[in-house]
Amino acid sequence: MSRYTRWSAFREAGFWVAAIPILLPLYFVVATALKPASEGGGSYFKPPLHPTFENVSQAWSQAGSGTVSFAGALFNSAFTTAVVVALLIALAAPAGYVLARRGSKLSGAAFGMFALGLILPVQLGIIPLYAFMVEAELAGTREGLILVYLGMLMPLAIFLYTGFFRSLPPAYEEAARVDGASPTRIFVTIVFPLVRPITGVVAILCGLIVWNDFFVSLVFVGGTDKETLPVAVYSFVGRFSAQWPLIFASALIAMLPVLVFYGFMQRTVMRGFSNTLRG
Amino acid sequence: MAAVGTTAAGRPGRAWRRVRPVRRVPWLFAVPAVAVCFGLFILPALFGAGYAFTNWDGLTSPKWLGFANFSEFFGNSESAEVLLHTLEIGVAYVVGVNLVGLGLAVGLESTLKSRGILRVVFFLPAVISPLVVAFIWKFMLDANGAINEALAAIGLGSLEKPWLGEPTLALASVVAVMIWQFAGYHMLIYSAGLQSVQRELREAAAVDGAGPWRRFRDITLPLLRPAMTISIALSTITSFMVFDQVIALTGGGPAGATETLGTYVYKQAFVNGRYGYSASVALLLVIGVCCVAIVQFRLLRNRDAEAG
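Conventions we followed
- Here the residue numbers are simple positions, counted from 1 along each chain's written sequence.
- Key to labels: chains lettered from A, ligands numbered from 1, both in the order written.
- Given that this is a predicted model, residues contribute local features only at a pLDDT of at least 70 and side-chain atom pairs are listed and counted only at 80 or more, while totals for whole chains, interfaces and linings are drawn from all residues.
- Put simply, DSSP marks the helices as runs of H or I at least four residues long and the strands as runs of E at least two long, and each gets a number from the N terminus on.
- Placing C-beta atoms from the backbone, we regard two residues as in contact once those atoms come within 7 Å.
- Gly is placed with the polar residues, together with every amino acid not listed as nonpolar (Ala, Val, Leu, Ile, Met, Phe, Trp, Tyr, Cys and Pro) or charged (Asp, Glu, Lys and Arg).
- Joined through C-beta atoms within 7 Å, a set of buried Ala, Val, Leu, Ile, Met, Phe, Trp, Tyr and Cys residues constitutes a nonpolar core.
- With C-beta atoms placed from the backbone, the exposure class of a residue follows from how many other C-beta atoms lie within 10 Å of its own: 20 or more, buried; 12 or fewer, exposed; in between, partly exposed.
- To define axes, lines are fitted to C-alpha atoms, for helices over the stretch in contact only, and angles between the resulting N-to-C directions are given on a 0 to 180 degree scale.
- What sets the label is the angle itself: under 35 degrees gives roughly parallel, over 145 gives roughly antiparallel, 65 to 115 gives roughly perpendicular, and the rest give oblique.
- Left-handed describes a crossing whose near helix is turned anticlockwise from the far helix by less than a right angle; the clockwise case is right-handed.

Each helix and strand counted, chain A has 12 helices and zero strands in total. Along chain A, helices (α) and strands (β) appear in the sequence α-α-α-α-α-α-α-α-α-α-α-α when read from the amino end. Its C-alpha atoms give chain A principal-axis dimensions of about 75 × 65 × 35 Å. Counting only contacts in chain A whose residues sit at least 6 apart along the sequence, the fraction spanning at least 24 positions is 73%.

Listed below in structure tokens is the structure:
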């Protein structure tokens, strides 16, 4: 069973064949985006003979929906993702700590609310939330978008933190407590550094969700200069339909940061995703 | 805690005041997170559930309609189509993505030398934006796209199809793209489950003369049940809420053939301005998702009871 036989080699080859449909579409993106206009019209499978960045730079300076450039959308995505992740960690970590350490009925009720939030789709609340954002003059702003993501991802972040804190023995905190340290100090200097692994998981998962999200961004900042990358790609495709070299250049801009990140951190990312399944 | 109690008893007053305030984690720590989650997520959802019973259009003040929105949804043929497409996508996606995910997990579990890198490759589509993935596939599936070109090149020109231009094919294409993107994620779920199926157990069965299929059916599969429960529940929820892929691949077309609950809710609200009606459909969606989640929790609890 654990020997490497001819059958294993055969299966290994089979899986690499199965991997072709996974890698081929990504090849098309890169090949088409880097193909100069002079080589257009030929087979899609042919690699670019003289790769060029002219499509990429054209897409880069083109406005997505007439209001934001790809450079701008890239900044919007990066800024929104970074702020959401930072605030999520700052708010969810202490909350998860309380829920895990206080076994009272009230914390049970709070945990129930977050569990409900885990399965509640955004669609139901999105219209009242949009109306509220319009009222508060936050619709179409980065601040508004960040607030929506915060509310939406808080249940997941708290769920992950609470599960992790529950498995963390309270011995260190109790020692510090006997020494007279304040709860805030205990949390900041002792507890928070101990849960770094789960902070990484929260950052990766929630960061990817925000970076890749289309629906919420479309509703709250669509058509403004605060659009994130997926919405910019969407309106870009609307304007340049079937101009695949340009569209794929924009897809490349949107994917590349995630792919580079995944390339360096594959194990961590995959572990993060399996982590959500426990608890 | 016991030690603190003795100190307090030994030196009442000052020591008590010094120790007492730090005895527990203060509730204050949870207040900002609870406020954000409640105010920006739960409360709007509750309002949404309320608007489901009104004719709110976002401009004039809403009028109470009772269950009229719901009877409209179940009474007209357009929304019946939408519901049917969502269920068709759901069944095809849940079966497909779980079979592929399970196959990848089981196949990559044992002795293969490059299984680490293969897992990385198969999971890769899951980290890309679903919208971008859908546009890549729109190019592949185009009538003049890469798939038809490849079919013609290998002499199978007769199989060339307008993949996104014909109702049944378009629906199948949406499902195929979803499976392409998320099979690797479900592979991860099953791989995690397989790790808990002890290798010794299967090796012992092999020594006892059980063939590969019997080992899979009688040992691996029953022990994979928890992973399967989670995987099926997650894929069901994903398919109920599908939006990005449909909007990007077909926009709901051709002729409404791929309209789903997710796109219907969006269009009713943001294209037709029928917020109340849209909210009632969203509420039905939530009820569907909750039913799936409840069944999942019940099955998991049964598993825990068995294990305990």
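What follows concerns the interface of chain A and chain B. At the junction of the two partners, chain A supplies 75 residues and chain B supplies 74 residues. Here the element with the most residues in the side of chain A that touches chain B is helix 12 (residues 244-275) of chain A; it accounts for 12 residues. Considered class by class, the residues forming the side of chain A that touches chain B number 57 nonpolar, 12 polar and six charged.

Before going further, it helps to spend a moment on the nonpolar core. Counting 182 residues, the largest nonpolar core has Leu88, Ala92, Met154, Val233 and Ala251 of chain A together with Phe135 of chain B as its most contacted members. Contacts of Leu88 of chain A, omitting those with residues within four sequence positions, involve Leu150, Leu153, Met154, Ala157, Val202 and Cys206 of chain A.

Take the packing of helix 3 (residues 70-101) of chain A against helix 3 (residues 31-51) of chain B next. Put simply, helix 3 of chain A and helix 3 of chain B touch, their axes get as near as 7 Å, and they point 115° apart. Between helix 3 of chain A and helix 3 of chain B, the angle falls in the class roughly perpendicular. Where helix 3 of chain A crosses over helix 3 of chain B, the handedness of that crossing is left-handed. Residues Leu91, Ala92 and Ala95 of chain A of helix 3 of chain A lie in contact with helix 3 of chain B, whose contacting residues are Pro32, Ala33, Val34 and Val36 of chain B. Classifying every residue of the contact of helix 3 of chain A with helix 3 of chain B by side-chain character gives seven nonpolar, no polar and no charged.

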